Amino acid sequence: MTEDARDGDAQSPPGGNTERLWGGRFSGGFADIMERINASIDFDKRLYVQDLAGSRAHCNMLVAQGIIEAADGHEILKGLDRIEAEIEAGAFEFTPAREDIHMHVEARLAELIGPAAGRLHTARSRNDQVATDFRLWVRAALDELDGDLADLLAALVERAEAEADTLMPGFTHLQSAQPVTLGHHLLAYVEMFARDRNRARDCRARLNESPLGAAALAGTSFPIDRRATAAALGFARPAANSLDAVSARDFALEYLAVASILSVHLSRLAEELVIWSSAPFSFVAMSDAFSTGSSIMPQKRNPDAAELVRGKTGRVIGDLNALLVMMKGLPLTYSKDMQEDKEPVFEARDTLALTVPAMRGMVGDMTVNRAAMAALAGAGHATATDLADWMVRTLGLPFREAHHVTGRIVALADQRGVELAALPLAALREIEPRLNEAVLGVLRVADSVASRTSEGGTAPDNVRAEVARWRSRLAGEGEAG
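Starting from 1, residues in each chain are numbered consecutively following that chain's sequence as written. Given that the model is predicted, a residue must reach a pLDDT of at least 70 before its local features are reported, and side-chain atom pairs must reach 80 or more before they are shown or counted; all residues, however, enter totals for whole chains, interfaces and linings. Hydrogens and waters are ignored; side-chain quantities use all the structure's heavy atoms.

Details of a negative patch on the surface
Part 1: For patch detection, residues must exceed 30% relative accessible area and be free of salt bridges, and they are connected within 9 Å for like charges or within 5 Å for nonpolar side chains (Val, Leu, Ile, Met, Phe, Trp, Tyr). Shrake-Rupley sampling with a 1.4 Å probe provides the accessible areas, and residues are treated as covered by the protein chains on show and by no other component. Take a side-chain nitrogen of Lys or Arg and a carboxyl oxygen of Asp or Glu: if they are within 4 Å of each other, that pair is a salt bridge. Here the positive residues are Lys and Arg and the negative ones are Asp and Glu; neither His nor the chain ends is included. Where a charge lies is defined by one atom per residue type: Lys uses NZ, Arg uses CZ, Asp uses CG and Glu uses CD. A contiguous patch of negative charge, built from D42, D337, E340 and E343, is present on the exposed surface.
Part 2: Positionally, E340 belongs in the loop between α11 (304-327) and α12 (342-365). Helix numbers and strand numbers start at the N terminus; a helix is a DSSP run of H or I with at least 4 residues, a strand a run of E with at least 2.

Observations regarding the pattern of salt bridges
Part 1: This structure, assessed with the given rule, holds 36 salt bridges.
Part 2: The closest approach of N and O atoms between R126 and E99, which form a salt bridge, is 3.4 Å. Here the residue R126 occupies a position in helix α6 (residues 126-162), and E99 occupies one in the loop between α4 (70-88) and α5 (101-113), the gap between them amounting to 27 residues.
Part 3: With a 1.4 Å probe rolled over the protein chains alone, any residue whose accessible area is under 20% of its type maximum counts as buried; one over 50% counts as exposed, and the rest are partly exposed. Assessed through its relative accessible area of 3%, R126 is described here as buried.
Part 4: The partner of R452 in a salt bridge is D386, with the nearest N and O atoms 2.9 Å apart. Of this pair, R452 sits in the loop between α18 (445-451) and α19 (460-480) while D386 is found in helix α14 (residues 384-395), placing the two residues 66 residues apart along the sequence.
Part 5: For D386, a relative accessible area of 6% translates into the label buried.

Topic: the packing of α4 against α5
Part 1: Note on geometry: axes are lines fitted to C-alpha atoms, helical ones only across the stretch in contact, with angles between N-to-C directions running from 0 to 180 degrees. Direction vectors running N to C along α4 and α5 enclose 115°, while the axes themselves pass 9 Å from each other. Viewed along their axes, α4 and α5 form a crossing whose handedness is right-handed. Within the contact between the two elements, α4 uses E75, I76, G79, L80, R82, I83 and E86 and α5 uses V105, R108, L109, L112 and I113.
Part 2: Residue classes in the contact of α4 with α5 are distributed as seven nonpolar, one polar and four charged. Whether a crossing is left-handed or right-handed is set by the direction in which the near helix is turned from the far one by less than a right angle, anticlockwise for left-handed and clockwise for right-handed. In this analysis, two residues are considered to be in contact whenever any of their non-hydrogen atoms come within 4.5 Å of each other. Polarity classes work like this: nonpolar for Ala, Val, Leu, Ile, Met, Phe, Trp, Tyr, Cys and Pro, charged for Asp, Glu, Lys and Arg, and polar for all others, with Gly in that last group.

What to know about the pairing of strand β2 (residues 175-181)
Part 1: As judged from the six bridges shared by strand β1 (residues 167-172) and β2, these two strands associate in the antiparallel manner. Residue pairing across strands places G170 opposite Q178, the latter belonging to β2.
Part 2: Connecting the antiparallel pair β1 and β2 is a turn made up of two residues, with H173 showing a positive phi of about 60°. A pair of strands is considered paired only if DSSP assigns at least 2 bridges between the two.

Some details on the packing of aromatic side chains
Part 1: Centres within 6.5 Å are what make two rings of Phe, Tyr or Trp a pair, Trp counting through its six-membered ring; a difference in plane orientation under 30 degrees is then read as stacked, over 60 as edge-to-face, and the rest as tilted. Across all of its chains, the model carries seven aromatic pairs by this definition.
Part 2: When the ring of F281 is compared with that of F283, the centres are 5.2 Å apart and the planes differ by 90°; the resulting orientation is edge-to-face.
Part 3: Looking at F283, the relative accessible area reads 0%, which means it is buried.
Part 4: Sitting over the face of the ring of F235, R139 holds its NZ or CZ atom 5.1 Å from the ring centroid. A positively charged side chain is recorded as over a ring if its NZ (Lys) or CZ (Arg) lies within 6 Å of the ring centre. The angle to the ring normal must also be within 35 degrees.

Re helix α3 (residues 48-64)
Part 1: Between the first and last C-alpha of α3 there are 24 Å, a value that for 17 residues agrees with the 24 Å anticipated at 1.5 Å per step.
Part 2: The buried fraction of α3 amounts to 12 of the 17 residues, a majority that puts the element mostly inside the structure.
Part 3: Y48, Q50, D51, L52, G54, S55, R56, A57, H58, C59, M61 and L62 are the residues of α3 that are buried.
Part 4: Those residues of α3 that are buried lie in contact with α2 (41-44), α4, α5, α6 and α8 (226-232).
Part 5: Backbone geometry just after α3 places G66 at a positive phi near 75°. Multiplying one less than the number of residues by 1.5 Å gives the expected span of a helix.

Brief notes about the layout of surface pockets
Part 1: Think of a 1 Å grid over the protein atoms and nothing else: a 1.4 Å probe that fits but is trapped marks a cavity, an open set flanked by protein within 12 Å on at least five of seven lines marks a pocket, and residues with an atom within 4 Å of a point count as lining. Grid points are joined across faces, edges and corners, and a volume is the space filled by probe spheres set on the points. Quantified by volume, the largest pocket comes out at close to 500 Å³.
Part 2: G170, F171, T172, H185 and E272 are, among the 22 residues lining the largest pocket, the residues nearest its centre.
Part 3: Only β1, β2, α7 (182-207) and α10 (250-276) provide two or more residues apiece to the lining of the largest pocket.
Part 4: Residues belonging to the lining of the largest pocket are distributed by class as follows: 12 nonpolar, six polar and four charged.
Part 5: Of the pockets and cavities examined, the second largest pocket occupies roughly 210 Å³.

Let's talk about the packing of α7 against α10
Part 1: Viewed as axis vectors pointing N to C, α7 and α10 meet at an angle of 165°, and their least axial separation amounts to 9 Å. With respect to α10, the element α7 is oriented roughly antiparallel. Crossing of α7 against α10: the hand is left-handed. Contacts from L182, H185, Y189, M192, F193, D196, R199, A200, D202, C203, R206 and L207 of α7 reach α10 at F251, E254, Y255, V258, I261, L262, H265, L266, R268, L269, E272 and W276.
Part 2: Per-class residue counts for the contact of α7 with α10 are 15 nonpolar, two polar and seven charged. Orientation labels follow simple angle bins: below 35 degrees gives roughly parallel, above 145 gives roughly antiparallel, 65 to 115 gives roughly perpendicular, and whatever is left gives oblique.

If you want it as structure tokens, here you go:
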């Protein structure tokens, strides 16, 4: 998208040997390769809804301000409606010669209504036009994402409630650490995705300023009403500085940052589903709806949906990096490099439109093998910390001493090839004579989990309370939305 040769005056309709609306001072034509590298219509035609909405708002404002005649405004609006119908019916012709969506709309409008079409561009540049279109598009993408994340959060909360008592190993370094519940584990992702949703909402609030009326870069001498166009397009306010309005792309960068962090969270959960569904774990089984088979090994059930969610994260992170690198050296205001801002954003949105619903589906219909999870919940002496804590509470040992004693008991269990809970009291007392029958209770996995009642802990009662809190919160946000 290129800045206009003139700002504010009506542009000439296509004529002569060119369809370019800025071609008054040019006598020669493009090289073929220049036409190909210059055109953006192959991807920016996705902005047609936003471009038409911005044109309607601009037209109505021009009429209201007495800048163009009402009759011309009426014809312009009729022509824009016709163009929208043609695009949606697949009857609109897109050509690289008209470069971008703005020139396509204006050129077609001229074909439909004649010279009055040229008045639409009064007090407007393609610079503020594309900045407005792009903000509107990203805003719509964020609204769509908000709904998808709400669905994912609801699926996770529902599954967490069902698994509030399901024992499983908690890991650090992918080594058995302490037993937790699956419900608690899933609620950790609820927290992550809720932060992603909040980041997306913050991004929406910051981008919701209208560039329209900033023109090429300096504003315009026409008596326009920027607040009217901002309100018509659902913006909170006009952008305050005309230079910033046309050159800022931090809203797109922030969207991609939101998308990247969200994708990392999706990838972490996807990785766990891949691990959990493998034969050595067998914690979960993915349904046929989200699995594939092998062309040679008939027994295989591959968690391809989870692997693809994990894999596509790299694309989204790459989209953010591409736009950061493109923007880092650009002086104010517009440079043609900025035509490259849309494809990374479009790709990231398309990726999230697949990965978030796919994760929601996998969470909702996976089968949990509670017995397999429970069998490994105490593996690796996972209740060792409970034993040390018991000695601190009951025997008054300093934690470091209790830690040392517990380490010796763990070593004994390793020597005998058993878990802590399988050691007889007599064996425990050989290491610490003050241990008594009561200590055996803290070595049981279920008792260990139930004891973790501190705020944010894994106890089943905590999980159920958190589920209730999240249900209330999500319901309230739904009503507010």
